[in-house]
Amino acid sequence: MSAPTRRLTTAQALVRFLSAQYTERDGVRRRLIAGTWGIFGHGNVAGVGQALLEAGEDVMPFHQGRNEQSMVHAAVGYARQLNRLSAQAVTTSIGPGATNLVTGAALATINRLPVLLLPGDYFASHAPDPLLQQLEHPVEADVSVNDTLRPVSRYFDRITRPEALIPSALNAMRVLADPAETGAVTLALPQDVQAEAYDWPEEFFAERVWYVRRPAPDPVELTAAVEAIRSAERPLIVTGGGVHHSQAEEALKAFVEATGIPVASTQAGKGSLRHDHPADLGGIGHTGTAVGDALARTADLVIGVGTRYTDFTTASGTLFQNPDVRFLNLNITGFDAHKLAARTLVCDARSGLEKLAEGLAGHRVPEAYEAEYRAGRERWNEVVEAAYRAADDNAVPTQTQVLGALDAAVGDDDVVINAAGSLPGDLHKLWRSRSPRQYHLEYGYSCMGYEIPAAIGVQQAAPGTPVWALVGDGTYLMMPTEIVTAVQEGLPVNIVLIQNHGYASIGGLSQETGGERFGTAYRFRAADGTFTGAPLPVDLAANAASLGMDVLRAKTVGELREALAAARASDRPTCVYVETDPAATAPPAEAWWDVPVAETATREAAVEARERYERHVVDRRHHL
């Protein structure tokens, strides 16, 4: 007797399959693909589009986007908020719709966050070649624009026959649900194959649960790790995003309270401890705190938990200066665990911290070390208070005073989202995280335009949670389109729009590296041809209002506080617009970042910048 089958198109079969996929960790089950974002064109309208319509919202919820890159950002924000246990799909047409996915896919894969990409593709039969928007390659006929997604995807396949979907779809789910493998997954869907019918085995549509494992540490590695920590005089924990993805915050708290080892966090790891915990040092690296970086320079053992060790974290290899420093890396991927020639503990963050705590029972760092870092914390808290404080409520706020006003307005569970510009540095140094998910910085790719769509994804994942997208004028102009989606869906996201008339962050970097802020200001051309004239008369608040948001304009510190409180209380998408005082009130960088400077130049600014560069670069170490 033959097994039962169901006759569906490839697209219909894919949607039905996705609707029956689940993850489970610690007894909690979630849909793996909770919804699909889409913009339709000729490459997917009659295939995936028709399949979504036929399936209905109960089977596969559909979200209408305005920009393909934005749709990926929204899906990434959603997955991050839910600890990578649930994700979303994104469907696009062939051509520019597909290539618009590349930036979002890179962001997802770099940050180890799951998203399923379903771009349309050429006809597998090649019958109507060349079709609209098809890339013709003279010697590789199977190449399409979707091949640009290969290097930024953790799994890629082109489904050239209906039955090829079965193994490919299973592999796609395996990768999305695997914490050591996850990232962007691409299934390129030729247009003719999307619409082609096939007799699918019913078993393909059965409910399937992908168990998200918590691998325990290897006993040999664990013994060596415990010995390394016991022998260290000045250990320092560096937390990354893996702590949050594993929901290991309570295990970390118990570990540091038992051992007294202090914690400094990367952008992705900030909030691993509450800001007021005695062992929390705040950020580390180029945008870190004075106390965090001071301890990093003298640490004899650096314990990385769920971190990738980017150049911002290591200050481009110049931060960890103790000649005897060694590294112990706890990470679910061997790739990251082996960085900096470290001892490795390849395991889940929560499992690893719990086993380390057992092995270190009774061990604690010297009292003098605890007293040292706690005193450093107190000194830094004074720096934060000074940066946040405004002497006059009638004054135009500085950027750090905007953060101070927001700090006073938010609750413990509000989510604050940022990705690029000068804000990430100020936030990493100054923001006082009160809960594990409050601080949402995308800094693996530092992608301008991420904030607004990500806020939508977070709002979808956490209904009822106040969500704040912090954007400068440069980032806003990159990608405000999903404001329309927030309005359409009634998602009460809040945007804090800071107008500083240009690329403030890169302008400062340009100044530091001899570029003299060239091409970074939003101003009219002056008589000499440079962009140094009057500020452009662009009204971004009016633009946000034209897209459907409620807009509150704040000119003073006092008005800003009132506007933030009103936005938080609103049930509508709301924009708080504020033009800031350009005065620098953020504390300076506590560590270096390597941006190469011209070795030869005639302009004095570049010559001086090169001299500074050469003084710093000699401090770089190769940790072997």
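Look up a bit, the structure's there.
Residues numbered from 1 in each chain as written. Predicted model: local features only at pLDDT ≥ 70, side-chain atom pairs only at ≥ 80, totals over all residues. Heavy atoms only, no water.

Draft legend 1. Structural context of the environment of P453. Structurally, the position occupied by P453 is in helix α18 (residues 451-461). Judged by relative accessible area, P453 falls into the buried class, the value being 0%. Residues P453 and A124 lie 329 residues apart in sequence; the distance between their C-alpha atoms is 33 Å. (Helix = DSSP H or I, 4+ residues; strand = E, 2+ residues; numbered from the N terminus. Buried < 20%, exposed > 50% of the residue type's maximum accessible area, 1.4 Å probe, protein only.)

Draft legend 2. Molecular detail of the side chain of E370. Note that E370 resides in helix α15 (residues 367-388). E370 gets classed as buried once you look at its relative accessible area, which sits at 9%. At 2.9 Å, the side chain of E370 and the side chain of R364 are in polar contact. In this structure E370 touches G260, R364 and V365, once residues within four positions along its chain are discounted. (Polar contact = N/O pair within 3.5 Å; in protein donor to acceptor, adjacent residues only side chain to side chain. Contact = heavy atoms within 4.5 Å.)

Draft legend 3. Highlighting empty space enclosed by the protein. The full count for this structure, using the stated rule, is 3 cavities of 30 Å³ or more. Space inside the largest cavity adds up to approximately 150 Å³. Taken together, 15 residues line the largest cavity, and the ones lying closest to its centre are H275, D280, G282, W380 and N381. Those elements that provide at least two residues to the lining of the largest cavity are β14 (280-283), α15 and α17 (423-430). Per-element tally for the lining of the largest cavity: the top contributor is α15, with 4 residues. Residues belonging to the lining of the largest cavity are distributed by class as follows: 6 nonpolar, 4 polar and 5 charged. (1 Å grid on protein atoms, 1.4 Å probe; cavity = no way out; pocket = protein on both sides within 12 Å on 5 of 7 lines; lining within 4 Å. Points joined across faces, edges and corners; volume = space filled by probe spheres on them. Nonpolar A, V, L, I, M, F, W, Y, C, P; charged D, E, K, R; others polar.)

Draft legend 4. Summary view of the sheet that holds strand β19 (residues 439-441). Here we have 6 strands laid out as an open sheet, ordered β19-β18-β20-β21-β23-β22, and parallel in their pairing. Since the sheet does not close on itself, it has two edges, and those belong to β19 and β22 (550-554), each with one partner. If you compare each strand with its neighbour and ignore which way they point, the axes differ by 20° on average. With 6 bridges joining them, strand β21 (residues 494-499) and strand β23 (residues 574-579) adopt parallel strand pairing. The partner of I495 across the bridge, within β23, is C575. Each of β18 (415-418), β19, β20 (467-472) and β21 is contacted by α17, which is oriented at about 150° to β19, the strand it contacts most. (Pairing = 2+ DSSP bridges. Axes fitted to C-alpha atoms, helices over the stretch in contact; angles between N-to-C directions.)

Draft legend 5. Summary view of the nonpolar core. Counting 76 residues, the largest nonpolar core has I229, L236, I237, F255, L356, W468 and L470 as the members making the most contacts within it. In terms of residues, this core owes the most to one element, α15, which gives 6 residues. Those residues in contact with L356 that sit more than four places away from it in its chain are L222, A225, V226, I229, F255, L330 and L345. Residues M71, A184, Y450 and I452 belong to the second largest nonpolar core, which totals 46 residues. (Core = buried A, V, L, I, M, F, W, Y, C linked by side-chain atoms within 4.5 Å.)

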